[in-house]
Amino acid sequence: MVAEHVWGEGVDIDSDGDSSFADDQEWTELTLEKRPQMGERIDVDPISMHPLILNVVSQDPKLVNKVADFLEICCGRRITPFV
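Notes on the structure follow. (Residues numbered from 1 in each chain as written. Predicted model: local features only at pLDDT ≥ 70, side-chain atom pairs only at ≥ 80, totals over all residues. Heavy atoms only, no water.)

### Concerning the environment of Ala-3
Inspection of the secondary structure assignment puts Ala-3 in helix H1 (residues 2-7). Separated by 30 residues in sequence, Ala-3 and Glu-33 have C-alpha atoms that sit 8.8 Å apart. The residues contacting Ala-3, other than those within four sequence positions of it, are Gly-8, Val-11, Ile-13 and Leu-32. (Helix = DSSP H or I, 4+ residues; strand = E, 2+ residues; numbered from the N terminus. Contact = heavy atoms within 4.5 Å.)

Below is the structure:
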């Protein structure tokens, strides 16, 4: 779901994370890299578990914004830039 929000439906990606199944909503770690060109990469890792604070990192700020937008829509949580 995150990859499709970022790159569009049917995107070919390589992914890794701590989800138990494809539609798991309890994940806290995620790495996505777009294929075949590889290089468009996003990493999401927890900074804190209680409260849950996720750090979204990418070389491309537009990708960070798209993931943050997805998290805000899906989770109904506030997004705060980390500088």
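Structure's up, so let's keep going.
### Considering the sheet that holds strand S4 (residues 52-57)
Read from one edge of the open sheet, four strands run S1-S2-S3-S4, paired in antiparallel fashion. Each of the sheet's edge strands pairs with one partner strand only, and the pair in question is strand S1 (13-17) and S4. On average, each strand axis in the sheet is inclined to that of its neighbour by 15°, with strand direction left out of account. Across five bridges, the pairing between S1 and strand S2 (residues 30-34) is antiparallel. The residue of S2 that forms the bridge with Asp-14 is Glu-33. Most of the contacts of helix H2 (residues 61-75) go to S4, to which it runs at about 150°, and overall it touches strand S3 (41-49) and S4. (Pairing = 2+ DSSP bridges. Axes fitted to C-alpha atoms, helices over the stretch in contact; angles between N-to-C directions.)

Nothing here speaks to function; it is geometry throughout.
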